[in-house]
Amino acid sequence: MRHIISILIENEAGALSRVAGLFSARGYNIESLTVAPTEDASLSRMTLVTSGSDEIIEQITKQLNKLIDVVKLIDLAESGHIERELMLVKIKTSHDTREEVKRMVDIFRGKIIDVTPSSYVVEMTGQSSKLDAFIHGFEEGSIIEVVRSGPTGISRGEKGLHL
């Protein structure tokens, strides 16, 4: 099962390396990883996506909690949460295909953010399955490049990851 683990971590050199090292030393896979500062300049929020059985995820969270840089963490899969992913996709276009591409972007509630004579760059956010469906809606060879952030998430309601 896929888990999104949100971690409050001290904003110091080497903290990310220690988390990644923990995963590689134990043979666990990180599917995606994002890190950004929080409202407190001394802390960063790391969102890590991984897969595994409940036992493996429990081991991962115990090992993460032992790291000195980790202040607090939660597994978002354990409670109600909202998750989104950002995708930028460059699509080949021609005079004949521009309207069709625009319709697809509108249907999926995306936004065209760059236009050239032969391509569009589209920005889209949503659940990973929505982004996958958008990509699969195009003929093979139409997609030039795809950049995805990986899922990120936040707890629903008043519960949250804070000190």
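Here is a short report on the structure shown in this document.

Rules and cut-offs
- Residue positions are given per chain, counted from 1 along the sequence in the order it is written.
- Confidence filtering applies because this is a predicted model: local features only for residues at pLDDT of at least 70, side-chain atom pairs given and counted only at 80 or more, and all residues used for totals across whole chains, interfaces and linings.
- Only hydrogens and water are set aside; all other atoms, that is, all heavy atoms of the structure, feed into the side-chain values.
- Between 30 and 60 degrees the pair is tilted, below 30 it is stacked and above 60 it is edge-to-face, where a pair is any two Phe, Tyr or Trp rings, Trp via its six-membered ring, whose centres lie within 6.5 Å.
- Think of it in three bands: with a 1.4 Å probe and only protein chains considered, a residue is buried below 20% of the maximum accessible area for its type, exposed above 50%, and partly exposed in between.
- Salt bridges, as used here, are contacts in which a Lys or Arg side-chain nitrogen is within 4 Å of a carboxyl oxygen on Asp or Glu.
- Here a helix means four or more residues in a row that DSSP labels H or I, a strand means two or more in a row labelled E, and each is numbered from the N terminus.
- Exposure above 30% relative accessible area and the absence of a salt bridge qualify a residue for a patch, where like charges join within 9 Å and nonpolar side chains (Val, Leu, Ile, Met, Phe, Trp, Tyr) within 5 Å.
- Here the accessible surface of atoms and residues is derived via Shrake-Rupley with a 1.4 Å probe, and residues count as covered only by protein chains that are part of the display.
- Orientation is described by lines fitted to C-alpha atoms, with helices fitted over the stretch in contact, and by angles between N-to-C directions that extend from 0 to 180 degrees.
- Angular relationships are summarised with four words: roughly parallel below 35 degrees, roughly antiparallel beyond 145, roughly perpendicular across 65 to 115, and oblique for the angles in between.
- Left-handed describes a crossing whose near helix is turned anticlockwise from the far helix by less than a right angle; the clockwise case is right-handed.
- Contacts are assigned to residue pairs with any non-hydrogen atoms lying within 4.5 Å of each other.
- Residue classes follow a fixed rule: Ala, Val, Leu, Ile, Met, Phe, Trp, Tyr, Cys and Pro count as nonpolar, while Asp, Glu, Lys and Arg count as charged, and any other residue, Gly among them, counts as polar.

**Quick notes on the packing of aromatic side chains**
At step 1: By the definition in use, this model includes three aromatic pairs.
At step 2: Arranged with centres 6.2 Å apart and planes meeting at 75°, the rings of phenylalanine 23 and tyrosine 28 form a pair that is edge-to-face.
At step 3: Ring plane angle 75° and centroid distance 5.0 Å describe the contact between phenylalanine 134 and phenylalanine 138, whose orientation is recorded as edge-to-face. Accessibility assignment for this pair places phenylalanine 134 and phenylalanine 138 in one class, buried.
At step 4: Every member of this aromatic cluster is reached through a ring pair, and the members are Phe108, Phe134 and Phe138.

**Considering the pattern of salt bridges**
Two side chains with opposite charge may pair up if their charged atoms get near one another.
At step 1: Considering all chains together, one arrives at seven salt bridges under this definition.
At step 2: A salt bridge links glutamate 85 to arginine 148; its shortest N-O distance comes to 2.8 Å. A residue pair is termed long-range when its members are at least 10 positions apart, and glutamate 85 in strand β5 (residues 81–92) and arginine 148 in strand β8 (residues 143–148) qualify at 63 residues.
At step 3: With relative accessibility at 5%, the residue glutamate 85 sits in the buried group.
At step 4: For glutamate 99, the salt bridge identified is with lysine 102, shortest N-O distance 3.6 Å. Taken as a pair, glutamate 99 and lysine 102 lie in helix α3 (residues 98–107) at a separation of three residues, close to a single helical turn.
At step 5: Relative accessible area serves as the criterion here: at 33%, lysine 102 is assigned to the partly exposed category.
At step 6: Several salt bridges share partner residues, and in doing so they unite Glu85, Asp132 and Arg148 into one network.

**Things to note about a nonpolar patch on the surface**
At step 1: Together, Leu86, Leu88, Ile113 and Val147 give the surface a local cluster of nonpolar side chains, amounting to about 290 Å² of exposed area.
At step 2: Looking at the element boundaries, leucine 86 is found in strand β5.

**Let's talk about the packing of helix α1 (residues 15–26) against helix α2 (residues 54–66)**
Two numbers describe a pair of packed helices, the interaxial angle and the distance between the axes.
At step 1: Taken N-terminus to C-terminus, the directions of α1 and α2 make an angle of 140°; their axes are 10 Å apart at the nearest point. Relative to α2, the element α1 is oriented oblique. Here α1 runs over α2; the crossing is right-handed. Residue-level contacts link Val19, Leu22, Phe23 and Arg26 of α1 to Ile60, Gln63 and Leu64 of α2.
At step 2: Partitioned by chemical class, the residues of the contact of α1 with α2 number five nonpolar, one polar and one charged.

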